[in-house]
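Tertiary structure, described
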Amino acid sequence: MGEIRNKISVFTRSKLGFVYSKLYGLRDWWRVKRQTLFPYRFNPKRYPGLFVSKDYQPFPNIASKVDKVIYCFWTGENEMSENRKKGYESLVKNSGIDVILITPKNLEKYILPEYPLHPAYDNLSLVHKSDYLRCYFMHFHGGGYSDIKTNNNNWENAFDSLAINQDKWLLGYTELTPFGMGKNQGIIDTDLQYYYKSCVGTGGFICKANTMFTSEWYTELNKRMDNFQKELEKFPGDVKGRNPGYPIGLLVILSQIFAPLCLKYKEHIIHDNTTLPILTNYQ
(Lines give C-alpha, C1' and ligand atoms only; values in the text may rest on other atoms or scores of the structure.)
Protein backbone atom coordinates (compact mmCIF):
# COMPACT_ATOMS: atom_id res chain seq x y z
CA MET A 1 0.00 0.00 0.00
CA GLY A 2 2.83 2.41 0.84
CA GLU A 3 4.46 1.84 -2.56
CA ILE A 4 1.20 2.55 -4.38
CA ARG A 5 0.69 5.73 -2.34
CA ASN A 6 4.21 6.91 -3.20
CA LYS A 7 3.62 6.31 -6.91
CA ILE A 8 0.40 8.30 -6.80
CA SER A 9 2.21 11.09 -4.96
CA VAL A 10 5.00 11.26 -7.55
CA PHE A 11 2.51 11.23 -10.44
CA THR A 12 0.39 13.97 -8.85
CA ARG A 13 3.38 16.20 -8.22
CA SER A 14 4.65 15.83 -11.77
CA LYS A 15 1.29 16.34 -13.51
CA LEU A 16 -0.59 18.60 -11.12
CA GLY A 17 2.17 20.46 -9.32
CA PHE A 18 0.19 23.57 -8.34
CA VAL A 19 -2.85 21.61 -7.15
CA TYR A 20 -0.62 19.15 -5.30
CA SER A 21 1.18 22.01 -3.55
CA LYS A 22 -2.11 23.54 -2.39
CA LEU A 23 -3.48 20.23 -1.16
CA TYR A 24 -0.23 19.48 0.63
CA GLY A 25 -0.35 22.87 2.32
CA LEU A 26 -3.98 22.32 3.30
CA ARG A 27 -3.07 18.98 4.86
CA ASP A 28 -0.31 20.57 6.91
CA TRP A 29 -2.68 23.36 8.01
CA TRP A 30 -5.23 20.80 9.16
CA ARG A 31 -2.64 18.79 11.07
CA VAL A 32 -1.95 21.88 13.16
CA LYS A 33 -5.53 23.16 13.39
CA ARG A 34 -7.09 19.91 14.54
CA GLN A 35 -4.86 19.90 17.62
CA THR A 36 -6.56 23.13 18.73
CA LEU A 37 -10.08 22.06 17.82
CA PHE A 38 -9.77 18.62 19.44
CA PRO A 39 -7.17 18.93 22.21
CA TYR A 40 -5.50 15.83 23.54
CA ARG A 41 -6.65 14.37 26.86
CA PHE A 42 -4.61 11.62 28.44
CA ASN A 43 -6.43 8.44 29.42
CA PRO A 44 -4.25 5.62 30.80
CA LYS A 45 -6.88 3.03 29.85
CA ARG A 46 -6.22 3.86 26.20
CA TYR A 47 -2.69 2.42 26.49
CA PRO A 48 -2.90 -0.92 28.33
CA GLY A 49 0.52 -2.44 28.84
CA LEU A 50 2.41 0.68 27.75
CA PHE A 51 4.65 2.37 30.30
CA VAL A 52 2.64 5.61 30.29
CA SER A 53 -0.31 3.79 31.85
CA LYS A 54 1.63 3.61 35.14
CA ASP A 55 2.62 6.47 37.45
CA TYR A 56 5.97 6.67 39.21
CA GLN A 57 6.56 9.13 42.02
CA PRO A 58 9.71 11.26 42.33
CA PHE A 59 12.65 9.56 44.01
CA PRO A 60 13.22 10.17 47.75
CA ASN A 61 16.18 12.34 48.73
CA ILE A 62 16.66 13.79 45.22
CA ALA A 63 15.89 17.51 44.99
CA SER A 64 13.52 18.79 42.32
CA LYS A 65 15.52 21.75 41.09
CA VAL A 66 16.60 23.61 37.97
CA ASP A 67 20.32 24.32 38.05
CA LYS A 68 21.34 27.19 35.77
CA VAL A 69 23.55 25.09 33.54
CA ILE A 70 23.25 23.69 30.04
CA TYR A 71 24.71 20.22 29.60
CA CYS A 72 26.08 19.00 26.30
CA PHE A 73 27.39 15.47 25.76
CA TRP A 74 30.31 14.26 23.69
CA THR A 75 30.46 10.60 24.56
CA GLY A 76 33.40 9.31 22.53
CA GLU A 77 37.13 9.88 22.25
CA ASN A 78 36.73 11.10 18.67
CA GLU A 79 37.39 14.77 17.99
CA MET A 80 34.53 17.17 17.32
CA SER A 81 34.09 18.42 13.78
CA GLU A 82 34.50 22.15 13.14
CA ASN A 83 30.72 22.53 12.83
CA ARG A 84 30.23 20.87 16.21
CA LYS A 85 32.86 23.14 17.78
CA LYS A 86 31.11 26.20 16.35
CA GLY A 87 27.78 24.93 17.67
CA TYR A 88 29.19 24.48 21.16
CA GLU A 89 30.86 27.89 21.07
CA SER A 90 27.56 29.53 20.05
CA LEU A 91 25.91 28.20 23.22
CA VAL A 92 28.79 29.39 25.40
CA LYS A 93 28.74 32.84 23.79
CA ASN A 94 25.01 33.51 23.55
CA SER A 95 23.03 31.45 26.08
CA GLY A 96 23.88 33.59 29.14
CA ILE A 97 24.09 30.30 31.09
CA ASP A 98 27.04 28.17 32.14
CA VAL A 99 27.57 25.46 29.53
CA ILE A 100 29.24 22.22 30.61
CA LEU A 101 30.54 19.70 28.11
CA ILE A 102 30.31 16.18 29.52
CA THR A 103 32.91 13.79 28.09
CA PRO A 104 34.28 10.41 29.18
CA LYS A 105 36.96 12.31 31.09
CA ASN A 106 34.62 14.18 33.46
CA LEU A 107 31.48 12.03 33.40
CA GLU A 108 32.23 10.13 36.59
CA LYS A 109 32.09 13.21 38.82
CA TYR A 110 28.39 13.66 37.93
CA ILE A 111 27.33 10.07 38.58
CA LEU A 112 25.70 9.55 41.97
CA PRO A 113 27.19 6.57 43.88
CA GLU A 114 23.72 5.30 44.81
CA TYR A 115 22.57 5.55 41.18
CA PRO A 116 25.40 4.27 38.96
CA LEU A 117 25.18 4.12 35.19
CA HIS A 118 23.40 1.06 33.86
CA PRO A 119 25.80 -1.90 33.37
CA ALA A 120 25.02 -1.90 29.65
CA TYR A 121 25.92 1.77 29.20
CA ASP A 122 29.44 1.10 27.94
CA ASN A 123 28.08 -1.03 25.07
CA LEU A 124 25.73 1.62 23.73
CA SER A 125 26.50 3.47 20.53
CA LEU A 126 27.87 6.96 21.05
CA VAL A 127 24.53 8.43 19.95
CA HIS A 128 22.62 6.26 22.42
CA LYS A 129 25.05 7.14 25.20
CA SER A 130 24.02 10.75 24.71
CA ASP A 131 20.36 9.70 24.79
CA TYR A 132 20.93 7.84 28.04
CA LEU A 133 22.87 10.66 29.68
CA ARG A 134 20.36 13.38 28.94
CA CYS A 135 17.80 11.35 30.87
CA TYR A 136 20.20 10.64 33.74
CA PHE A 137 21.27 14.27 34.07
CA MET A 138 17.77 15.69 33.78
CA HIS A 139 16.43 13.32 36.42
CA PHE A 140 19.22 13.62 38.98
CA HIS A 141 20.63 17.10 38.31
CA GLY A 142 18.11 19.09 36.30
CA GLY A 143 18.95 22.11 34.18
CA GLY A 144 19.28 22.53 30.45
CA TYR A 145 20.28 20.19 27.68
CA SER A 146 21.30 21.01 24.13
CA ASP A 147 22.52 19.07 21.16
CA ILE A 148 25.90 20.34 20.02
CA LYS A 149 24.43 22.52 17.31
CA THR A 150 24.36 26.26 16.74
CA ASN A 151 21.94 28.17 18.97
CA ASN A 152 22.29 31.95 19.09
CA ASN A 153 19.52 32.53 21.63
CA ASN A 154 19.82 33.75 25.20
CA TRP A 155 18.34 31.14 27.59
CA GLU A 156 18.14 33.20 30.78
CA ASN A 157 14.44 34.10 30.57
CA ALA A 158 13.56 30.52 29.67
CA PHE A 159 15.31 29.24 32.80
CA ASP A 160 13.55 31.84 34.92
CA SER A 161 10.17 30.96 33.38
CA LEU A 162 10.50 27.32 34.35
CA ALA A 163 11.86 28.10 37.80
CA ILE A 164 8.98 30.37 38.84
CA ASN A 165 6.20 28.08 37.59
CA GLN A 166 5.84 25.45 40.29
CA ASP A 167 3.51 23.21 38.29
CA LYS A 168 5.73 23.19 35.18
CA TRP A 169 8.42 20.55 34.85
CA LEU A 170 9.78 20.89 31.33
CA LEU A 171 10.43 23.71 28.87
CA GLY A 172 11.34 23.23 25.24
CA TYR A 173 10.65 24.08 21.63
CA THR A 174 7.44 22.80 20.08
CA GLU A 175 7.97 19.60 18.10
CA LEU A 176 8.39 20.52 14.44
CA THR A 177 6.85 17.54 12.65
CA PRO A 178 4.77 14.46 13.44
CA PHE A 179 7.57 12.21 12.23
CA GLY A 180 10.49 10.68 14.08
CA MET A 181 8.81 10.46 17.48
CA GLY A 182 8.82 6.71 17.91
CA LYS A 183 7.13 3.75 16.28
CA ASN A 184 5.79 0.28 17.00
CA GLN A 185 4.24 1.12 20.36
CA GLY A 186 0.58 0.79 19.42
CA ILE A 187 -2.13 3.43 19.49
CA ILE A 188 0.23 5.97 21.08
CA ASP A 189 1.92 6.22 17.66
CA THR A 190 -1.31 7.49 16.13
CA ASP A 191 -1.86 9.95 18.97
CA LEU A 192 1.67 11.31 18.56
CA GLN A 193 1.04 11.82 14.86
CA TYR A 194 -2.16 13.74 15.63
CA TYR A 195 -0.98 15.72 18.64
CA TYR A 196 2.72 16.23 17.98
CA LYS A 197 2.49 19.94 18.83
CA SER A 198 1.74 18.98 22.42
CA CYS A 199 5.29 17.62 22.54
CA VAL A 200 8.65 19.33 22.74
CA GLY A 201 11.68 18.32 20.74
CA THR A 202 14.63 16.43 22.15
CA GLY A 203 17.34 18.67 20.67
CA GLY A 204 17.20 21.27 23.42
CA PHE A 205 15.17 21.75 26.59
CA ILE A 206 15.24 22.69 30.26
CA CYS A 207 14.04 20.23 32.87
CA LYS A 208 13.33 20.17 36.59
CA ALA A 209 15.07 17.27 38.29
CA ASN A 210 13.15 14.43 39.90
CA THR A 211 9.59 15.03 38.76
CA MET A 212 7.05 12.39 37.80
CA PHE A 213 8.07 13.05 34.18
CA THR A 214 11.76 12.31 34.79
CA SER A 215 11.02 9.43 37.18
CA GLU A 216 8.98 7.65 34.53
CA TRP A 217 11.52 8.51 31.86
CA TYR A 218 14.42 7.11 33.90
CA THR A 219 12.50 4.02 35.05
CA GLU A 220 11.40 3.07 31.54
CA LEU A 221 14.85 3.76 30.12
CA ASN A 222 16.44 1.35 32.57
CA LYS A 223 13.84 -1.33 31.86
CA ARG A 224 14.73 -1.12 28.19
CA MET A 225 18.43 -1.23 29.01
CA ASP A 226 17.80 -4.40 31.02
CA ASN A 227 16.06 -5.96 28.02
CA PHE A 228 18.92 -5.12 25.65
CA GLN A 229 21.81 -5.92 28.00
CA LYS A 230 22.64 -9.44 26.78
CA GLU A 231 22.46 -8.50 23.10
CA LEU A 232 24.57 -5.41 23.72
CA GLU A 233 27.28 -7.62 25.23
CA LYS A 234 27.39 -9.56 21.96
CA PHE A 235 26.97 -6.59 19.63
CA PRO A 236 28.17 -3.33 21.21
CA GLY A 237 27.46 -0.19 19.24
CA ASP A 238 29.69 1.93 17.07
CA VAL A 239 29.27 5.69 16.71
CA LYS A 240 25.69 5.65 15.42
CA GLY A 241 24.64 2.08 16.17
CA ARG A 242 24.59 1.04 12.54
CA ASN A 243 26.88 -1.94 12.92
CA PRO A 244 25.47 -5.43 12.25
CA GLY A 245 23.74 -6.99 15.25
CA TYR A 246 23.40 -3.81 17.27
CA PRO A 247 20.00 -4.36 18.89
CA ILE A 248 18.64 -0.86 19.61
CA GLY A 249 16.78 1.17 17.00
CA LEU A 250 17.57 4.85 16.70
CA LEU A 251 14.50 6.15 18.57
CA VAL A 252 13.99 3.36 21.08
CA ILE A 253 15.64 4.75 24.21
CA LEU A 254 14.84 8.44 23.74
CA SER A 255 11.96 9.55 21.52
CA GLN A 256 9.88 6.43 22.13
CA ILE A 257 9.89 7.30 25.84
CA PHE A 258 10.15 11.08 25.86
CA ALA A 259 7.39 11.86 23.33
CA PRO A 260 4.65 9.73 24.98
CA LEU A 261 5.50 11.34 28.32
CA CYS A 262 5.08 14.76 26.71
CA LEU A 263 1.52 13.80 25.82
CA LYS A 264 0.84 12.42 29.27
CA TYR A 265 2.18 15.47 31.07
CA LYS A 266 1.42 18.17 28.52
CA GLU A 267 -0.13 20.39 31.20
CA HIS A 268 3.27 20.54 32.91
CA ILE A 269 5.20 21.73 29.83
CA ILE A 270 6.13 25.25 28.72
CA HIS A 271 6.59 25.70 24.98
CA ASP A 272 9.42 28.12 24.23
CA ASN A 273 11.46 28.03 21.03
CA THR A 274 14.49 29.57 22.73
CA THR A 275 15.95 26.07 23.03
CA LEU A 276 15.56 25.22 19.33
CA PRO A 277 18.98 24.73 17.73
CA ILE A 278 19.73 25.33 14.07
CA LEU A 279 19.11 21.94 12.47
CA THR A 280 21.30 22.30 9.38
CA ASN A 281 25.05 22.07 8.75
CA TYR A 282 25.90 20.69 12.16
CA GLN A 283 27.76 17.47 11.34
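This text follows the structure it describes.
Model, not experiment: these values are computed from the prediction. (Residues numbered from 1 in each chain as written. Predicted model: local features only at pLDDT ≥ 70, side-chain atom pairs only at ≥ 80, totals over all residues. Heavy atoms only, no water.)

Looking now at the packing of helix 6 (residues 187-194) against helix 8 (residues 255-264). For the pair helix 6 and helix 8, interaxial distance at closest approach is 10 Å and the crossing angle is 70°. With respect to helix 8, the element helix 6 is oriented roughly perpendicular. Read as a crossing pair, helix 6 and helix 8 show a hand that is left-handed. The segment helix 6 lies against helix 8, with Ile188, Asp191 and Leu192 engaging Ala259, Pro260 and Leu263. A per-class count over the contact of helix 6 with helix 8 returns 5 nonpolar, no polar and 1 charged. (Axes fitted to C-alpha atoms, helices over the stretch in contact; angles between N-to-C directions. Helix = DSSP H or I, 4+ residues; strand = E, 2+ residues; numbered from the N terminus. Parallel < 35°, antiparallel > 145°, perpendicular 65-115°, else oblique. Left-handed = near helix turned anticlockwise from the far one by under 90°. Contact = heavy atoms within 4.5 Å. Nonpolar A, V, L, I, M, F, W, Y, C, P; charged D, E, K, R; others polar.)

Below, the discussion takes up the layout of surface pockets. To find the voids left in a structure, one rolls a probe of water-molecule size over its atoms. Put simply, the largest pocket is a space of about 1300 Å³. Lining the largest pocket are 46 residues, and of these Val127, Arg134, Asp147, Lys149 and Tyr282 lie nearest its centre. Listing elements by their share of the lining of the largest pocket, those giving two or more residues are helix 4 (126-140), strand 3 (143-146), strand 5 (200-207) and helix 8. Looking at the lining of the largest pocket element by element, the count peaks at 6 residues for helix 4. Residues of the lining of the largest pocket, tallied by class, amount to 21 nonpolar, 16 polar and 9 charged. (1 Å grid on protein atoms, 1.4 Å probe; cavity = no way out; pocket = protein on both sides within 12 Å on 5 of 7 lines; lining within 4 Å. Points joined across faces, edges and corners; volume = space filled by probe spheres on them.)

Attention shifts here to the packing of helix 7 (residues 212-234) against helix 8. Taken N-terminus to C-terminus, the directions of helix 7 and helix 8 make an angle of 150°; their axes are 10 Å apart at the nearest point. Classified by the angle between their axes, helix 7 and helix 8 sit roughly antiparallel to one another. Viewed along their axes, helix 7 and helix 8 form a crossing whose handedness is right-handed. Residues Phe213, Glu216, Trp217, Glu220, Leu221 and Arg224 of helix 7 form the contact with helix 8, whose participating residues are Gln256, Ile257, Phe258, Leu261, Cys262 and Lys264. For the contact of helix 7 with helix 8, the per-class residue count stands at 7 nonpolar, 1 polar and 4 charged.

Turning our attention to the state of the cysteines. Counted according to the given criterion, the structure contains 0 disulfides. For Cys199, which is in no disulfide, the shortest distance to another cysteine sulfur is to Cys262 and amounts to 4.8 Å. Here Cys199 falls in the buried class, since its relative accessible area comes to 0%. (Disulfide = S-S within 2.5 Å. Buried < 20%, exposed > 50% of the residue type's maximum accessible area, 1.4 Å probe, protein only.)

Once that is clear, we can look at the environment of Val239. Along the chain, Val239 turns up in the loop between helix 7 and helix 8. Along the backbone, Val239 and Val127 are 112 residues apart, and their C-alpha atoms lie at a distance of 6.4 Å.

With respect to the secondary-structure elements, Lys129 resides in helix 4. The buried charged residue Lys129 lacks any salt bridge partner; its closest oppositely charged side chain belongs to Asp122, at an N-O distance of 4.8 Å. The residues touching Lys129, leaving out its near neighbours within four places in the chain, are Thr75, Tyr121, Asp122 and Leu124. (Lys, Arg positive; Asp, Glu negative; His and termini not counted. Salt bridge = Lys/Arg side-chain N within 4 Å of Asp/Glu carboxyl O.)

Here we take up helix 5 (residues 156-164). All of the buried residues in helix 5 are Ala158, Phe159 and Leu162. Axial view of helix 5: buried residues confined to an arc of 100°, hence all on one face. Away from its buried face by more than 90 degrees, helix 5 exposes Asn157 and Ile164. The inward-facing, buried residues of helix 5 abut strand 1 (69-73), strand 3, strand 4 (170-174), strand 5 and strand 6 (269-271). (Arc of directions from axis to C-beta.)

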